[in-house]
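The chain contents come next:
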Amino acid sequence: GAGVSQSPRYKVAKRGQDVALRCDPISGHVSLFWYQQALGQGPEFLTYFQNEAQLDKSGLPSDRFFAERPEGSVSTLKIQRTQQEDSAVYLCASSLTTGNTGELFFGEGSRLTVL
Amino acid sequence: GQNIDQPTEMTATEGAIVQINCTYQTSGFNGLFWYQQHAGEAPTFLSYNVLDGLEEKGRFSSFLSRSKGYSYLLLKELQMKDSASYLCAVGNRGYQKVTFGIGTKLQVIP
């Protein structure tokens, strides 16, 4: 596709369940970012990939959060044993350049609601 | 670390001009971005400033003063569709991430 694609768009999970969120970046984009956006807040950085290498995971809130990009393209964000505070929109963004000097192209996001 | 401040809400009239300010504190500044985000949608890129001065792009302009840690986004000839959140974001040398502010929710009224 032409843009960044995320799935599912909406996910409702019971507390304690595991969830997996998928991001399909723009073809050829080197950089891939995951952000978490709570209602009324700006996006909060979670993790960064340059190709398949996870170069920064300093924003992951706990060891329940795990992200991978094994072939340098599609990425998956996994949240284990979900908690209510995990409820948020999870945004994926990709960029043609490395690091933080280029335009970020965002997907529509995956809205996670934990009951 | 980084600290980014911008007003949480603003209201302006259709056809008018509005200026949204952003101040930041960071070590190793590596550029400032503005993004627009309509409710329930993804942020979209508006501008990127790495040098001091004003960059104009149609109805939107962005200004940067690195010595003051200050930027503003200027929107001219406001239209109803400009009602959205405007996110100020900063890049930091030595890190790959872009850090976002809380966003300024702009409401354009007739």
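First things first, this report covers the structure right here in the doc. Note that this is a predicted model, so its numbers are computed, not measured.

**Examining the environment of Tyr70(B)**
Residues and elements named next belong to chain B.
Piece 1. Here Tyr 70 is to be found in strand 8 (residues 70-75).
Piece 2. Excluding residues within four positions of it along the chain, Tyr 70 makes contact with Gln 19, Asn 21, Cys 22, Thr 23, Tyr 24, Phe 63, Leu 64 and Ser 65.
Piece 3. Here Gln 19 takes part through its side chain, which lies 3.1 Å from a polar atom of the side chain of Tyr 70.

**Details of the interface of chain B and chain A**
Piece 1. In this assembly, 20 residues from chain B lie in contact with 23 residues from chain A.
Piece 2. When chain B packs against chain A, close to 1,700 Å² is buried across both sides, 55% of that on carbon and sulfur atoms.
Piece 3. Summed over the three residues of chain B that lose the most area to chain A, namely Gln96(B), Lys97(B) and Phe100(B), the buried surface amounts to 33% of that side.
Piece 4. At the surface where chain B touches chain A, the tally comes to zero salt bridges.
Piece 5. The interface formed by chain B and chain A holds four residue pairs in polar contact (both at pLDDT 80 or more) in total.
Piece 6. Elements with a contribution of two residues or more to the side of chain B that touches chain A: strand 4 (29-37), strand 5 (44-49), strand 9 (84-92) and strand 10 (98-100) of chain B.
Piece 7. Top element by residues in the side of chain B that touches chain A is strand 4 of chain B. It accounts for four residues.
Piece 8. Class assignment for the residues of the side of chain B that touches chain A results in eleven nonpolar, seven polar and two charged.

Definitions and limits used
Residues numbered from 1 in each chain as written. Chains lettered and ligands numbered in written order. Predicted model: local features only at pLDDT ≥ 70, side-chain atom pairs only at ≥ 80, totals over all residues. Heavy atoms only, no water. Helix = DSSP H or I, 4+ residues; strand = E, 2+ residues; numbered from the N terminus. Contact = heavy atoms within 4.5 Å. Polar contact = N/O pair within 3.5 Å; in protein donor to acceptor, adjacent residues only side chain to side chain. Buried area = accessible area lost by both parts, 1.4 Å probe. Salt bridge = Lys/Arg side-chain N within 4 Å of Asp/Glu carboxyl O. Nonpolar A, V, L, I, M, F, W, Y, C, P; charged D, E, K, R; others polar.

Keep in mind that these numbers describe shape and distance, not what the molecule does.
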